[in-house]
Amino acid sequence: MIIELKNLEKINIYAFQNDLISWFKQEQRDLPWRKNQDPYKIWVSEIMLQQTRVDTVIPYFNRFIEWFPTIEDLAKAEEDKVLKAWEGLGYYSRVRNLQSAVQEVSEKYNGEVPNTPEEIAGLKGVGPYTAGAILSIAYGIPEPAVDGNVMRVISRVLSIWDDIAKSSSRKIFEKAVRQLISHDDPSSFNQALMELGALICTPTSPACLLCPVRDHCQAFDEGVQNELPIKTKKTKTRDVQLAAAILLDENKKVLIHKRPSTGLLANLWEFPNVEIHHPLQEDREQISESFQSLLDVNIKLERIIGQIQHTFSHLVWNIMVYSGTINSSFQESEEWKLVSFEEMKEFAFPVSSQKMIKLFHEYQME
DNA sequence: AAGTCGGGGCC
DNA sequence: GGCCCAGACTT
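Calculation criteria
- Residues numbered from 1 in each chain as written.
- Chains lettered and ligands numbered in written order.
- Predicted model: local features only at pLDDT ≥ 70, side-chain atom pairs only at ≥ 80, totals over all residues.
- Heavy atoms only, no water.
- Phe/Tyr/Trp six-rings, centres within 6.5 Å; stacked < 30°, edge-to-face > 60°.
- Buried < 20%, exposed > 50% of the residue type's maximum accessible area, 1.4 Å probe, protein only.
- Axes fitted to C-alpha atoms, helices over the stretch in contact; angles between N-to-C directions.
- Helix = DSSP H or I, 4+ residues; strand = E, 2+ residues; numbered from the N terminus.
- Parallel < 35°, antiparallel > 145°, perpendicular 65-115°, else oblique.
- Contact = heavy atoms within 4.5 Å.
- Nonpolar A, V, L, I, M, F, W, Y, C, P; charged D, E, K, R; others polar.
- Near = heavy atom within 4 Å.
- Polar contact = N/O pair within 3.5 Å; in protein donor to acceptor, adjacent residues only side chain to side chain.
- Expected span 1.5 Å × (residues − 1).
- Arc of directions from axis to C-beta.

**Remarks on the packing of aromatic side chains**
Link 1 in the chain: A full pass over the atoms with the stated rule returns ten aromatic pairs.
Link 2 in the chain: Taking 6.2 Å as the distance between ring centres and 85° as the angle between the ring planes, the aromatic pair formed by W67 and F68 counts as edge-to-face.
Link 3 in the chain: Given a relative accessible area of 29%, W67 falls into the partly exposed group.
Link 4 in the chain: A relative accessible area of 1% means that F68 is categorised as buried.
Link 5 in the chain: A centroid spacing of 4.8 Å and a plane angle of 75° characterise the contact between F312 and W317, whose relative ring orientation is edge-to-face.

Structure representation (structure tokens):
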């Protein structure tokens, strides 16, 4: 906490703000959430952008706003449709929290996104970054919005050597931004820091020769811009073996299952699957029995149609994919349904399931 | 403080 | 293959 305060004194704050904001106004990308300052749209964009690249978000954002143009539209929507709008984007709890928070805004705040740090940070899924982003961008309130870009940029500008992977580090950067932020235009200031991080002050090989704040940058001055930020690597993934089955009844309907409301891929749909704890010891007979214990009608595994590997942040699924049949006397429920391939398009599936659908269609071509 | 939670793009 | 990305939440 001492070092960066000392380095802050080396900065001409007004010149820094001016150089940064002027550059931003010239060079900023034309993004769909920058067309106005609707707090709801800013909010949606910030949730989507968490751990997700701008280019990935753009089409999702446009469709989401088409489907749910206002807070009230999202508040009253079916959760299945909300998840469908998020299908393929990942971190699905983001959108379930968003809908929950939007419902709270509808009921508790008369449909108006609150504009105080305490109220907005109390909303589900709105952490320190998102709170600051909405307050500054939608309401022009000078609050820091410290994301990965901002930590990288500020660590270089102020030559801060704390490990940005540690959760305690964020406070250091928030404190620095509070000193640096423009009170005339907090929105442009915060967005400019992030835009600079995305376009110029990139993780590897930053484009310092094009940087509008190079003259203020202590890392550049010291020649250590490629050493910063300090970020320790995270733990590696673990492997999980699964067997999954695409089971068709006599009417060519497929059995699908809704995942539990908590944990990985919560409330998304999937094909029935079981974990294989001892891959070398379990034969097809045992796997078949494992499937059978999920259901109370006879199923039959016909053959293996392929194998899929799917990587998450913290684990890897290795899935042996079977095709098979199920008796159509099967009793459907809230979490087990028989659907046609056409009807299946209305349900939200994780990408791993979409890979299996593709596999199945390829197998049918043969 | 460390784990959980997705998926894709880039090197 | 590993790293990163406009992070938040749980334990």
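**Notes on the packing of helix 9 (residues 128–139) against helix 12 (residues 186–199)**
Link 1 in the chain: Relative orientation of the contacting elements helix 9 and helix 12 amounts to 135°, with a least axis distance of 7 Å. By the angle between their axes, helix 9 is oblique relative to helix 12. Of the residues in helix 12, those in contact with Y129, G132, S136 and I137 of helix 9 are P186, S187, N190, Q191 and M194.
Link 2 in the chain: Residue composition of the contact of helix 9 with helix 12, by class: four nonpolar, five polar and no charged.

**Some details on the protein's contact with DNA strand C**
Link 1 in the chain: Lining the immediate environment of DNA strand C, one finds 25 residues, of which Q51, G125, Y129, D147 and R152 sit closest.
Link 2 in the chain: Side-chain polar atom of E46 to a base nitrogen of DNA strand C: 3.4 Å apart, as the coordinates give it.
Link 3 in the chain: Within the side chain of D147, a nitrogen or oxygen atom sits 2.3 Å from a sugar or linking oxygen of DNA strand C.
Link 4 in the chain: If you list the elements that add at least two residues to the surface near DNA strand C, you get helix 3 (39–49), helix 9 and helix 10 (148–157).
Link 5 in the chain: Considering only residue class, the surface near DNA strand C consists of nine nonpolar, seven polar and nine charged.

**Some remarks on helix 15 (residues 351–365)**
Link 1 in the chain: Look at helix 15: 21 Å from first C-alpha to last across 15 residues, which is about the 21 Å you get at 1.5 Å a residue.
Link 2 in the chain: Along helix 15, the residues classified as buried are S352, S353, M356, I357, L359 and F360. With its buried residues spanning 160° around the axis, helix 15 presents them on a single face. For helix 15, exposure combined with an orientation more than 90 degrees from the buried face picks out K358 and M365.
Link 3 in the chain: The elements touched by buried residues of helix 15 are strand 1 (238–248), strand 3 (269–270), strand 5 (299–311) and strand 6 (315–326).

**Regarding the protein's contact with DNA strand B**
Link 1 in the chain: If you check the shell around DNA strand B, you find 20 residues, and the closest are R53, Y91, L265, H310 and S313.
Link 2 in the chain: Between DNA strand B and the protein, one listed contact pairs a base nitrogen with a side-chain N or O atom of T52 at 3.0 Å.
Link 3 in the chain: Between DNA strand B and H314 there is a distance of 2.8 Å, counted from a phosphate oxygen to a side-chain nitrogen or oxygen.
Link 4 in the chain: For the surface near DNA strand B, the residue count by class is eight nonpolar, eleven polar and one charged.

Keep in mind these values describe shape, not function.
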